[in-house]
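Per-entry structural report
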Amino acid sequence: MNVIEVRELVRKFGDLTAVDGVSFEVKQGEIFGFLGPNGAGKSTTINMLCTLLRPTSGHATVNGYDVVTQQNAVRESIGLIFQDPSLDDRLTGYENLMFHAMLYDLSRPLFQERAAEVLEMVDLSDKADKLVQTYSGGMRRRLEIARGLLHRPKVMFLDEPTLGLDPQTRRHIWEYITRLRREEDLTIFLTTHYMDEAEICDRIAIIDHGQIIALDTPENLKALVGGDVVAVRTSDNELAARKLRAAFEIEPRPGPDGQLFIEVDHGDQFIPRLMTTLSNSRTPVEVQSINLRRPTLEDVFIKLTGRAIREEEADRARDHMRKRRRMFGGRSPHR
């Protein structure tokens, strides 16, 4: 059963088309991901599905409710973890949950029961009476997840849920999320630029310039690249590419860090032939480094768009981290 259905969804801001006719479905209990760079249309799409933005055109339903004509029903069906912190740090963790319960008109006995459940689920029971301003960044994220689950939504939207967190905290957050999916039969829709997070998804839509350019399982998407990826850095990549083109009828593509990427079957057998081709000629090319690996989702994105996600997104994550550090008065926002 589809819990989200989207047909030709468009959102324009003046002359800018941020989302350009996207269509997809998300199944009940699925982890569905949007993978793409900053400005690709990920957050804009989520905002339309969560009724925070009105579509310019197209149609979308969440849990069977129309996002334009049945907004209240949609809002009752979803939980939302924003990209930026959204807690009141002058309240305790428990008080933040209580305020959320009031918005959803939960009775006091029901709130107390569910608050105890979700706080235990994210390991914050012993911190519930502490002011949120004393929480680390990881604890705040966990409280936001607990808050989003308080009213038992059918769908949880996670917009860059671990942006700016360190790898260990990110891993812990995902342990909570995947456990929730198992225990609650929760449908999870996330946006991310982290490749390891995208690998967790059952299916991924790669979005760029407001359009979905590929949608499939992580394994099927990686199969678009080919068998193996050989990354080689040389003294003259342009000459090396010409030699490899002529010798093997392949098309090397430039990588984000000054390498050439070559997609081949049986890469371990191809490397000696590559070395011989580049070194044995009137104009030899020096091989400075070479490695062999299986394709990644980053390779898929580069193949489909001609550029990498991680460079601009790494800068964005650093900016986000600096902002969070200012919020915490220079202290580490993790733990």
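Residues numbered from 1 in each chain as written. Predicted model: local features only at pLDDT ≥ 70, side-chain atom pairs only at ≥ 80, totals over all residues. Heavy atoms only, no water.

1. Observations concerning the packing of aromatic side chains
Tallied over the full model, the rule gives nine aromatic pairs. Look at Phe32 and Phe34: their rings are 6.2 Å apart centre to centre, the planes differ by 50 degrees, and that puts the pair in the tilted class. With respect to burial, Phe32 and Phe34 carry one shared label: buried. Counting every residue linked through ring pairs, the aromatic cluster contains Phe24, Phe32, Phe34, Phe157 and Phe189. The cationic tip of Arg11 hangs over the ring face of Phe13; the distance from NZ or CZ to the ring centre is 4.6 Å. (Phe/Tyr/Trp six-rings, centres within 6.5 Å; stacked < 30°, edge-to-face > 60°. Buried < 20%, exposed > 50% of the residue type's maximum accessible area, 1.4 Å probe, protein only. Lys NZ or Arg CZ within 6 Å of the ring centre and 35° of its normal.)

2. Some points on the state of the cysteines
The full count for this structure, using the stated rule, is zero disulfides. Cysteine Cys50 is unpaired, with the sulfur of Cys201 as its nearest cysteine sulfur at 16 Å. Judged by its relative accessible area of 3%, Cys50 is buried. (Disulfide = S-S within 2.5 Å.)

3. Focus on empty space enclosed by the protein
A full pass over the atoms with the stated rule returns one cavity of 30 Å³ or more. Of the pockets and cavities examined, the largest cavity occupies roughly 30 Å³. Ile145, Met156, Leu158, Ile177, Leu180, Leu186 and Ile188 are the residues that line the largest cavity. Looking at the lining of the largest cavity, the elements that each hand over two or more residues are β7 (155–159) and α6 (167–184). Broken down by class, the residue content of the lining of the largest cavity amounts to seven nonpolar, no polar and no charged. (1 Å grid on protein atoms, 1.4 Å probe; cavity = no way out; pocket = protein on both sides within 12 Å on 5 of 7 lines; lining within 4 Å. Points joined across faces, edges and corners; volume = space filled by probe spheres on them. Helix = DSSP H or I, 4+ residues; strand = E, 2+ residues; numbered from the N terminus. Nonpolar A, V, L, I, M, F, W, Y, C, P; charged D, E, K, R; others polar.)

4. Digging into the environment of Leu150
Relative to the helices and strands, Leu150 resides in the loop between α5 (137–149) and β7. Spatially, the C-alpha atom of Leu150 lies 7.2 Å from that of Ala101, the residues being 49 residues apart in sequence.

5. Comments concerning the sheet that holds strand β1 (residues 2–13)
For sheets, the rule is that strands pair by backbone hydrogen bonds, running either parallel or antiparallel. Ordered in space as β2-β1-β4-β5, the four strands form an open sheet in which the pairing is antiparallel. Strand pairing shows two members of the sheet lacking a second neighbour, β2 (16–27) and β5 (65–66), which therefore form its edges. Across nine bridges, β1 lies against β2 in antiparallel orientation. Looking at β2, one finds that Glu5 is bridged to Glu25. Of the strands in this sheet, β1, β2 and β4 (57–62) touch helix α1 (residues 42–49), which is tilted by about 115 degrees from β1. (Pairing = 2+ DSSP bridges. Contact = heavy atoms within 4.5 Å. Axes fitted to C-alpha atoms, helices over the stretch in contact; angles between N-to-C directions.)

6. A closer look at a nonpolar patch on the surface
On the surface, a cluster of nonpolar side chains totalling about 370 Å² of accessible area is made up of Phe99, Met102 and Leu103. Within the secondary structure, Phe99 sits in helix α3 (residues 93–103). (Patch = residues over 30% accessible without salt bridge, like charges linked within 9 Å, V, L, I, M, F, W, Y side chains within 5 Å. Areas by Shrake-Rupley, 256 points an atom, 1.4 Å probe, with all protein chains shown as cover. Salt bridge = Lys/Arg side-chain N within 4 Å of Asp/Glu carboxyl O.)

7. Overview of the pairing of strand β3 (residues 31–35)
Judged by how many residues are buried, β3 sits mostly within the fold: five of five residues are covered. Here β3 pairs with strand β8 (residues 187–192) via five bridges, running parallel. When the bridges of β8 are listed, Leu35 appears paired with Thr192. Bridge count between β3 and strand β9 (residues 203–208): four bridges; the pairing is parallel. Within β9, the position partnered with Gly33 by the bridge is Ile204.

8. Looking at the pattern of salt bridges
Inspection of the entire model under this criterion finds 17 salt bridges. For Arg181, the salt bridge identified is with Asp202, shortest N-O distance 2.5 Å. Note that Arg181 is positioned in helix α6 and Asp202 in the loop between α7 (195–200) and β9, a separation of 21 residues in sequence. Asp202 sits in the partly exposed class, given a relative accessible area of 30%. Salt bridges here are not isolated pairs; linked through shared partners, they connect Arg253, Glu263, Arg293, Asp299 and Lys303.

9. Looking at the sheet that holds strand β14 (residues 287–293)
Strand order in the open sheet formed by four strands is β12-β13-β11-β14, and the pairing between neighbours is antiparallel. The sheet terminates laterally at β12 (253–254) and β14, the two strands that pair on one side only. Two strands pair when backbone bridges link them, and strand β11 (residues 228–234) and β14 are joined in this way by six bridges, in the antiparallel orientation. Of the residues in β14, the one forming a bridge with Thr234 is Val287. Helix α9 (residues 237–248) rests against β11 and β13 (260–264) of the sheet, and its axis sits at about 20 degrees to β13.

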